[in-house]
Amino acid sequence: MLGIYIDAIQWVEMPNTRGMSQFADGGLLATKPYVSSDSYINKMSNYCRECPYDVKKRIGDEACPFNSLYWNFLSEKREYLKQIPRMNMMFSLLDKIPPKELAEIKSRAKTIIKSSKK
Ligand code: SF4
């Protein structure tokens, strides 16, 4: 990809990639944070095909970690992100998760985050 856009690496690719991946510019370049659950990763790649984690599960030891991390992220950052119209659909999906399941998702996300800091 970078080879194709060789004449635009510095002024397009670098700021765009950083803006999309970090949302550090607060939405100047990207209109929403570039985060996703496993369903998007699965749709856009073939990584999940042979992965031992279950793409569809949000909780449990076999559940893909990206699912719990994604929903936990949305839940934790809701106050900040709710002002972005493109996030509305994601928040309506978040609201459909039963409270007990959301609590389990958050618990699993905390465990994953904690273990990644070791
Ligand atoms: S960890 Fe999740 S997103 Fe990554 S390959 Fe496995 S199932 Fe797919």
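As shown above, the structure is provided for reference.
The present account deals with the structure reproduced in this document. Keep in mind that what you see is a predicted model, and the values were worked out from it rather than measured.

**A look at the overall build of the protein chain**
And then number 1: Assigned secondary structure in the protein chain consists of six helices and zero strands.
And then number 2: In terms of overall dimensions, the protein chain has C-alpha extents of about 50 × 35 × 30 Å along its principal axes.
And then number 3: Looking at the 118 residues of the protein chain, the share that counts as buried comes to 27%.
And then number 4: Pairs at least 24 residues apart make up 47% of the contacts formed inside the protein chain by residues separated by at least 6 positions.
And then number 5: In the structure as shown, the protein chain presents an accessible area of about 8,700 Å², 58% of it carried by carbon and sulfur atoms.
And then number 6: Each charge sign in the protein chain was given a centre, from 19 positive and 13 negative side chains, and these centres are 4 Å apart.

**A short note on the nonpolar core**
And then number 1: With 13 residues, the main nonpolar core has Trp71, Leu74, Leu81, Met87, Phe91, Leu94 and Ile97 as its most contacted residues.
And then number 2: At the level of elements, helix H3 (65–76), helix H5 (88–95) and helix H6 (99–116) are the ones that each hand at least two residues to this core.

**Let's talk about the site of the ligand**
And then number 1: Lining the immediate surroundings of the ligand are Asp38, Ile41, Tyr47, Cys48, Cys51, Tyr53, Cys64, Pro65 and Phe66.
And then number 2: Classifying every residue of the shell around the ligand gives eight nonpolar, no polar and one charged.

**Overview of the packing of H3 against H6**
And then number 1: Viewed as axis vectors pointing N to C, H3 and H6 meet at an angle of 110°, and their least axial separation amounts to 8 Å. Classified by the angle between their axes, H3 and H6 sit roughly perpendicular to one another. For the pair H3 and H6, the contacting residues are Pro65, Ser68, Leu69, Trp71, Asn72 and Ser75 in the first and Leu102, Ile105, Lys106, Arg108, Ala109, Ile112 and Ile113 in the second.

**A short note on the pattern of salt bridges**
And then number 1: All told, the structure shown has five salt bridges when counted by the stated rule.
And then number 2: For arginine 58, the salt bridge goes to glutamate 101, with nearest N and O atoms at 2.9 Å. On the criterion of sequence distance, the pair formed by arginine 58 in the loop between helix H2 (38–44) and H3 and glutamate 101 in helix H6 is long-range, its members being 43 residues apart.
And then number 3: Judged by relative accessible area, which is 26%, arginine 58 ranks as partly exposed.

**Some thoughts on H6**
And then number 1: Over its 18 residues, H6 extends 26 Å from the first C-alpha to the last, a length consistent with the 26 Å expected when each residue adds 1.5 Å.
And then number 2: Among the residues of H6, those classed as buried are Leu102, Ile105, Arg108, Ala109 and Ile112. Burial along H6 is one-sided: seen end-on, the buried residues are contained in an arc of 125°. Away from its buried face by more than 90 degrees, H6 exposes Pro99, Lys100, Lys110 and Lys114.
And then number 3: As for H6, its buried residues are in contact with H3 and H5.

**As for the environment of arginine 18**
And then number 1: Topologically, arginine 18 is positioned in helix H1 (residues 9–22).
And then number 2: A residue is classified by how much of its surface remains accessible, and arginine 18, at 55% relative accessible area, is exposed.

The rules behind each value
Note that residues are indexed from 1 along each chain, following the sequence as it is written. Totals for whole chains, interfaces and linings use every residue, but because this is a predicted model, local features are given only for residues with pLDDT of at least 70 and side-chain atom pairs only at 80 or more, for both listing and counting. As a rule here, side-chain values come from all non-hydrogen atoms in the structure, and water together with hydrogens is ignored. Secondary structure counts use DSSP, requiring at least four H or I residues in a row for a helix and at least two E residues in a row for a strand, with both numbered from the N terminus. Summary of the burial criterion: residues with accessible area below 20% of their type's maximum are buried, those above 50% are exposed, and those between are partly exposed, where the area comes from a 1.4 Å probe applied to protein chains only. By definition in these notes, contact holds between two residues if any of their heavy atoms fall within 4.5 Å. The accessible surface values rely on the Shrake-Rupley method and a 1.4 Å probe; as for residues, cover is taken only from the protein chains in view. Neither His nor the chain ends is counted toward charge; the positive residues are Lys and Arg and the negative residues Asp and Glu. Charged side chains are reduced to one point each, which is NZ for Lys, CZ for Arg, CG for Asp and CD for Glu. To define a nonpolar core, start from buried Ala, Val, Leu, Ile, Met, Phe, Trp, Tyr and Cys residues and group those joined through side-chain atoms within 4.5 Å. Residues are labelled near a given molecule or strand when at least one of their non-hydrogen atoms is within 4 Å of it. Gly falls in the polar group here, along with every residue not listed as nonpolar (Ala, Val, Leu, Ile, Met, Phe, Trp, Tyr, Cys, Pro) or charged (Asp, Glu, Lys, Arg). Axis definition: a line fitted to C-alpha atoms, limited for helices to the stretch in contact. Angles are taken between N-to-C directions and run from 0 to 180 degrees. Every angle not falling under 35 degrees, over 145, or within 65 to 115 is termed oblique; those three ranges are roughly parallel, roughly antiparallel and roughly perpendicular. For salt bridges, the criterion is a side-chain nitrogen of Lys or Arg within 4 Å of an Asp or Glu carboxyl oxygen. An expected span of 1.5 Å times one less than the residue number is assigned to each helix. Directions drawn from the helix axis to the C-beta atoms are what define this arc.

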